[in-house]
Amino acid sequence: DGWNQIVKRSFDISVALPLLLLTGWMFPIIAWLIKREDGGPVFFSQLRTGMDGRSFRLHKFRSMHVDASSSDQPQWTRANDPRITRVGAWLRRFNLDELPQLINVLAGDMSLVGPRPEQPEYVERFRARYPEYNTRHLVRSGITGWAQVNGLRGDTSIRQRMVHDLYYIQNWSLALDLRILWRTLRLALADAKG
């Protein structure tokens with residue numbers, strides 16, 4: 001609230017803008033690699049639920065086959081998911097598919113750190129099962145979060161992710177954001193080596 005929100009938003013902008021400028025040279029190369037593989041769209045855009053339950057479009061570099069989301073039912077990514085392209089696997093390994101979300105941060109839809117945003121269909125399902133799930137929407141969604149740096153990504157326990165998200169919201173500080181960003185970087189480097 002109040003001053004803390006101003007501090008967090010200022011921090012997001014002061015980190016996201018230089019990061020976008022530093023990584024901007026990669027965008028045309030990544031776009032060329034994606035186009036070269038299957039000729040499909042470069043970006044993947046999906047409706048997600050963010051702060052105060054508002055919907056926004058989350059942007060990523062496309063890492064799956066063009067028809068991967070043709071199913072009526074939303075699906076999480078699984079280990080060795082056959083929907084992921086060769087270029088997509090490389091992008092995911094180095095977390096480069098997430099780079100366009102820096103634009104979401106600058107637009108104010110997201111923060112660098114916070115609970116990962118879910119698709120509206122999942123949000124409705126989880127709200128019905130866990131009334132405290134709505135608390136996640138008191139803050140901006142994040143590119144990374146406390147749950148993610150504690151191994152809770154993709155198809156993992158919703159209850160455990162929620163517990164971690166609520167811990168983050170209740171214990172927020174700039175120091176905690178820095179700690180999460182540092183752990184995110186370390187995990188990304190470890191994934192890249194592995």
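Scroll up for the structure.
Source: prediction; values computed, not measured.

(A) Structural detail: the environment of Phe56. With respect to the secondary-structure elements, Phe56 resides in strand 2 (residues 55-61). Each C-alpha atom of the pair Phe56 and Gln119 lies 9.9 Å from the other, and the pair is 63 residues apart in sequence. The contacts of Phe56, once residues within four sequence positions are left out, are Gln46, Leu47, Arg48, Thr49, Gly50, Asn104, Asp109, Met110, Pro117 and Ser141.

(B) Quick look at the pattern of salt bridges. The full count for this structure, using the stated rule, is eleven salt bridges. Note that Lys8 and Asp177 form a salt bridge whose closest N and O atoms lie 2.8 Å from each other. Separated by 169 residues along the polypeptide, Lys8 in helix 1 (residues 2-23) and Asp177 in helix 8 (residues 174-193) bring together distant segments of the chain. Asp177 shares its class with Lys8; the two are buried. In this structure, Asp52 engages Arg54 in a salt bridge whose closest nitrogen and oxygen atoms are separated by 3.3 Å. Via salt bridges that share partners, Lys60, Asp97, Glu98 and Arg116 belong to a single interconnected network.

Basis of the calculations
- Residues numbered from 1 in each chain as written.
- Predicted model: local features only at pLDDT ≥ 70, side-chain atom pairs only at ≥ 80, totals over all residues.
- Heavy atoms only, no water.
- Helix = DSSP H or I, 4+ residues; strand = E, 2+ residues; numbered from the N terminus.
- Contact = heavy atoms within 4.5 Å.
- Salt bridge = Lys/Arg side-chain N within 4 Å of Asp/Glu carboxyl O.
- Buried < 20%, exposed > 50% of the residue type's maximum accessible area, 1.4 Å probe, protein only.

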